[in-house]
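# Reading the structure
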Amino acid sequence: MSQRRFAVMGDNIFQIAKRLSRDQSICRLLHYTDRNPLSKEHPDIKGTELLHKNILVVPKPPDSLITKENFIVVLFDNFVIDGYNKDFKISTVRFNIICPFDEWLIEEESLRPYLLMQQIDSLFNEQKLSGIGNLKFERAEELIISPQLGGYNMEYSVDEFN
């Protein structure tokens with residue numbers, strides 16, 4: 001497998017994180033911890049301030065915030081050669097949505113993690129990222145971190161030239 005292709009993953013993960021940081025609904029759901037995070041009474045969030053704090057590309061939330069704030073962790077994993085076409089590598093883009101259980105209930109017709117999942121899906125499902133192909137939703141599973149934290153792991157498959 002080409003080292004050059006793996007090096008591109010770093011650029012791709014930052015592209016994904018920046019796209020998340022430009023979505024105001026995601027920023028509000030991550031930053032505002034009250035029961036009405038989408039309220040227009042709250043000022044808009046500068047998404048770049050959430051990078052490496054609430055939108056993570058390294059799977060380690062800051063210790064001082066871990067039980068108080070909401071996070072999305074973006075990772076690439078499960079790299080395999082396509083069994084049908086050896087010219088392609090298949091990998092998984094994983095979004096871990098992590099929220100304190102005390103913040104799941106909000107003043108919406110849904111729960112905070114589900115609204116984050118919906119926004120992520122609208123940004124990435126069947127969307128092309130430069131350097132890699134179209135992301136295809138594969139699955140979402142419950143993710144329990146501790147008695148205080150939980151959420152969901154969303155996985156998207158992506159093909160790229162090997």
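Everything that follows concerns the structure shown earlier in this document.
The notes below deal with the structure included here. (Residues numbered from 1 in each chain as written. Predicted model: local features only at pLDDT ≥ 70, side-chain atom pairs only at ≥ 80, totals over all residues. Heavy atoms only, no water.)

### Examining the packing of aromatic side chains
What characterises a pair of aromatic rings is the spacing of the ring centres plus the angle enclosed by the ring planes. Here is the rule: The pairing test for Phe, Tyr and Trp rings, Trp by its six-membered ring, is centres within 6.5 Å, and the orientation test on the planes gives stacked under 30 degrees, edge-to-face over 60, and tilted for anything in between. Note on exposure labels: buried denotes an accessible area under 20% of the residue type's maximum, exposed denotes more than 50%, and partly exposed covers the range between, all computed with a 1.4 Å probe on protein chains only. What counts as a helix is a DSSP run of H or I of at least four residues, what counts as a strand is a run of E of at least two, and both are numbered from the N terminus.
The full count for this structure, using the stated rule, is six aromatic pairs. Ring centres of F101 and W104 lie 5.4 Å apart, and the angle between their planes is 45 degrees; this geometry places the pair in the tilted category. The exposure class of W104 is buried, given its relative accessible area of 13%. Ring centres of Y114 and Y152 lie 5.5 Å apart, and the angle between their planes is 45 degrees; on these two criteria the pair is classed as tilted. Separated by 38 residues along the polypeptide, Y114 in helix 3 (residues 112-124) and Y152 in strand 5 (residues 149-161) bring together distant segments of the chain. Through successive ring pairs, a cluster of aromatic residues spans F95, F124, F137 and Y156.

### So, helix 3
Note the threshold: Multiply 1.5 Å by the residue count of a helix minus one, and that product is the helix's expected span.
End to end, helix 3 covers 19 Å across 13 residues, agreeing with the expected 18 Å (1.5 Å per residue, within 8%). R112, P113, L115, L116, M117, I120, L123 and F124 are the residues of helix 3 that are buried. Positive phi shows up at E126, right after helix 3, with a value of about 65 degrees.

### A few points about unusual backbone geometry
At H52, a residue that is not glycine, the phi angle is positive and equals roughly 70 degrees. Relative to the helices and strands, H52 is located in the loop between helix 2 (24-31) and strand 1 (55-56).

### Remarks on the pairing of strand 2 (residues 71-81)
Going by this rule: Strand pairing is assigned whenever DSSP identifies at least 2 bridges connecting the two strands.
Pairing of strand 1 with strand 2, which is carried by two bridges, proceeds in the parallel orientation. Bridge pairing links L56 to V73 in strand 2. Sheet topology note: the strand 2/strand 3 (residues 88-100) ladder contains nine bridges and is antiparallel. The residue bridging F76 from the neighbouring strand is V93, located in strand 3.

### A short note on helix 2
The condition that has to hold: Any pair of N or O atoms that falls within 3.5 Å is considered a polar contact. Within protein, one atom must be able to donate a hydrogen and the other to accept it, and sequence-neighbouring residues count only if both atoms are side-chain atoms.
Those residues of helix 2 not exposed but buried are I26, C27, R28, L29 and L30. The opening residue of helix 2, the one whose side-chain oxygen lies 3.1 Å from the backbone nitrogen of S25, is D23.

### Thoughts on the environment of R28
Stated precisely, the cut-off is as follows: Contacts are residue-level and defined by heavy atoms, with any inter-residue pair within 4.5 Å sufficient.
Along the chain, the position of R28 falls in helix 2. We classify R28 as buried; its relative accessible area is 3%. When the C-alpha positions of R28 and E41 are compared, they lie 11 Å apart, and in sequence the two are 13 residues distant. Not counting chain neighbours up to four residues away, the residues in contact with R28 comprise P37, L38, S39, H42, P43, D44, I45 and R112.

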